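Coordinate inspection notes
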Amino acid sequence: MSVTPSVDVVCLGESMVTFVPAGEGRLADVPAFHRSIGGAESNVACTLARTGHSARWVSRVGADGFGDHLVDTIAGAGVDVGAVQRDPHRPTGIYFRTAGERATTLDAAPGRAEVVYYRKGSAASALSPALVQRRDVWAGRVLHLTGITCALSATCKALMRRLTHREPGRPLVSFDVNHRPALWHGADPWLLAELARGCDLVFVGEDEAQAAWGLPDADAIRAALPEPATVVVKQGAAGATVFSGGERVHVPAPTVDVVAHVGAGDAFAAGFLSATLRGLPLRGRLRHGHLLAAAALTVPGDLAAPPDRAHADALAALDDTAWGRLRLGPGWTRQDEEVRR
């Protein structure tokens, strides 16, 4: 059974209310926090909506004030939240974090963010095949998922197995591995590779593939994931490599004056998906991914105002020499700011 697409992208997964310290220091020492939102899938939905695409977020939140805040904020970005369910018995998840880059191993290395989750038993952890309707998740040209969802509960794992099962009529299924070590303690992260093999477009960081699967580089990742039509390997400041249709294309990342790393991977996925929906060539898709990641890297929160489409297209069209000289800092997404080359 096929469903006629009514939106460009459907994103399914948990979003949480985030508390970010009002000042620097350890979580143990910070006296006050600012409230925000965080969730890989809703980040992608919000970014796509802000770049001119229609996006839907499918999830569950508690029947509480935090759930109200999530739904109102995501809807305020232009995302369709009509398929979000309210759970009267389970709470909305929350988490606290400091600035810094998320760890890709269980080691708390210097400069890594402290992240403390309160999500066990959350409304979103009750997502299941019985609670998610095909008409909601197949309503887009693309269905975007991440590996976070399958680690939340047994019912979430069952849902992800169903959504990544290849069957006629489904939309293009996009999957961001998003390996979170804390969620996989005592479990086998090779499940993420199993799910990825059932998808059409896969995003994975070279560092997380090393941590989760022991794979050393982009070519080894592609060899381990031959089934998806397109595999995008993110390589941090070195750029990204895409494998698709027998092609292997690498695009270096522009130089970025980083404010915070949080949300950059989600923004990259949104940029690549946006360019995919527009039918741009592989090199252009990677460049748009890098540009939206740069927008996220140059603000302190999970979500950044992306450049308007004309601005992004102009930068993505630069020749290789000009692209290699590109340097982006805070405020670069506003066209009245000078973009340094």
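No experiment lies behind these values; they were computed from the predicted model shown.

**Things to note about the sheet that holds strand β9 (residues 140-146)**
In spatial order, the strands read β4-β1-β9-β10-β11-β12-β13-β14; together these 8 strands make up an open sheet with mixed pairing. For this open sheet the edge positions go to β4 (55-58) and β14 (247-251), each flanked by a neighbour on one side alone. Taking each pair of neighbouring strands and ignoring which way they run, the sheet shows an average axis angle of 15 degrees. Taken together, the 4 bridges between strand β1 (residues 7-12) and β4 define a ladder with parallel strand orientation. When the bridges of β4 are listed, Leu12 appears paired with Val58. Those strands touched by helix α1 (residues 40-50) are β1, β4 and β9, and its axis lies near 160 degrees from that of β1.

**A look at the packing of aromatic side chains**
Scanning the model with the defined rule gives 8 aromatic pairs in all. With 6.0 Å between their ring centres and 85 degrees between their planes, Phe96 and Tyr118 make a pair best called edge-to-face. With Phe96 in strand β7 (residues 94-97) and Tyr118 in strand β8 (residues 115-118), the pair connects residues that are 22 residues apart, well separated along the chain. Residue Phe96 is classed as partly exposed on the basis of its relative accessible area of 23%. Between Phe203 and Phe268, the ring centres sit 6.4 Å apart and the planes meet at 85 degrees, which makes this aromatic pair edge-to-face. Taken as a pair, Phe203 in strand β11 (residues 201-205) and Phe268 in helix α9 (residues 264-277) lie far apart in primary sequence, 65 residues in all. Neither residue differs from the other here; Phe203 and Phe268 are each classed as buried. One aromatic cluster is present, formed by Phe19, Phe33, Phe66, Phe96 and Tyr118 through successive ring pairs. The aromatic ring of Tyr117 is capped on one face by Arg119, whose charged end is 4.8 Å from the ring centroid. A cation sits over an aromatic face here: Arg134 above Trp138, 4.3 Å from the ring centre.

About the criteria used
Residues numbered from 1 in each chain as written. Predicted model: local features only at pLDDT ≥ 70, side-chain atom pairs only at ≥ 80, totals over all residues. Heavy atoms only, no water. Pairing = 2+ DSSP bridges. Helix = DSSP H or I, 4+ residues; strand = E, 2+ residues; numbered from the N terminus. Axes fitted to C-alpha atoms, helices over the stretch in contact; angles between N-to-C directions. Contact = heavy atoms within 4.5 Å. Phe/Tyr/Trp six-rings, centres within 6.5 Å; stacked < 30°, edge-to-face > 60°. Buried < 20%, exposed > 50% of the residue type's maximum accessible area, 1.4 Å probe, protein only. Lys NZ or Arg CZ within 6 Å of the ring centre and 35° of its normal.

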